[in-house]
Structure formats: structure tokens, C-alpha cells
Amino acid sequence: MASQLTRSLKPTAIEAVSGVIASLWAAFIGFELADHDVSVLGIFSVVLALLATGLMIGSRVQDASRSELIKCLEPGCNTQIRVWHTSNADVTRLRELAQDHSKHGPAT
Ligand SMILES: [Zn+2]
């Protein structure tokens, strides 16, 4: 069971593609800024910010694609639980908690 909960360190296709796009995007913007007499520190800051943003977006997309959103079945209740990197037993337990309104009460 522990092997189900550990995450592989190898990048997935989504992470690899987002990393390449973020790198190309950052490099393009960096070269554009270099043509406009921007300081090296300014270019470095912008490139790092673009890389971090692109990689974060890829990571969020990856998490969203692997996660499951479980909503309460009670009309008008907004309770929802997003699960990922979780064992099947925990998914079952959280599904029961989210879908049975009497177990969690009204959302605040
Ligand atoms: Zn509910």
C-alpha cells in the first residue's frame, strides 16, 4: 500500500510539456527584454518568475487530472472533497463522508 501513496519522481507528459513550454516562453521573453535595454537582474527575475509560473500551472493541471472531486448529494450543500495520492480505502471513506450529508452537516 505504501507504494500506492508514493509519487514517482519522473516527470509525467503534462509536466514535461509544461516545462518545455515554460522554458521556451521564458527564453523568448528574456531575449525580448534584452533587446529593450533591461538590466540583467530584471531579465533574470522575469525569466525565473515565468519559469516558476509555468511549472506551477503544469503541476496544478497534473494534480487536477489525477484527482477526483467528490460532492455532497444533498441539494444546496456545497461540501466537496478533492482527493489525490490516496489509497482506495481512503477514497472510499472520504466518498462516504462527502456524499452522506448527515456525516458532515451543512457547509459553512
Ligand atoms: Zn452535504
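Each value, and the rule that gives it
Residues numbered from 1 in each chain as written. Predicted model: local features only at pLDDT ≥ 70, side-chain atom pairs only at ≥ 80, totals over all residues. Helix = DSSP H or I, 4+ residues; strand = E, 2+ residues; numbered from the N terminus. Axes fitted to C-alpha atoms, helices over the stretch in contact; angles between N-to-C directions. Parallel < 35°, antiparallel > 145°, perpendicular 65-115°, else oblique. Left-handed = near helix turned anticlockwise from the far one by under 90°. Nonpolar A, V, L, I, M, F, W, Y, C, P; charged D, E, K, R; others polar. Buried ≥ 20, exposed ≤ 12 C-beta atoms within 10 Å, placed from the backbone. pLDDT = per-residue confidence, 0-100.

J.: Account for the environment of Ile 21, with residues named and values stated.
T.: Topologically, Ile 21 is positioned in helix H2 (residues 13-34). Between the C-alpha atoms of Ile 21 and Gly 58, which are 37 residues apart in sequence, the distance is 9.7 Å.

J.: Give me the lowdown on the packing of H2 against helix H3 (residues 40-66), citing residues and values where you can.
T.: At their nearest, the axes of H2 and H3 sit 8 Å apart, and the two run at 160° to each other. Between H2 and H3, the angle falls in the class roughly antiparallel. The interaxial crossing formed by H2 with H3 has right-handed handedness. Here the contact of H2 with H3 is built from residues that sort into 16 nonpolar, ten polar and one charged.

J.: Describe the environment of Ala 64, naming the residues involved and giving the relevant values.
T.: Along the polypeptide, Ala 64 turns up in helix H3. On the basis of neighbour counts, which here come to 12 C-beta atoms within 10 Å, the residue Ala 64 falls in the exposed class.

J.: Break down the confidence of the model for the chain for me, with residues and values.
T.: Detailed reading of the predicted coordinates is not advisable wherever pLDDT is low. On average, residues of the chain score 86 in pLDDT, and 89% of them reach the 70 mark or higher. Predicted confidence in the chain is weakest over helix H1 (residues 2-5), with a mean pLDDT of 45, and strongest over helix H4 (residues 88-99), with 93.

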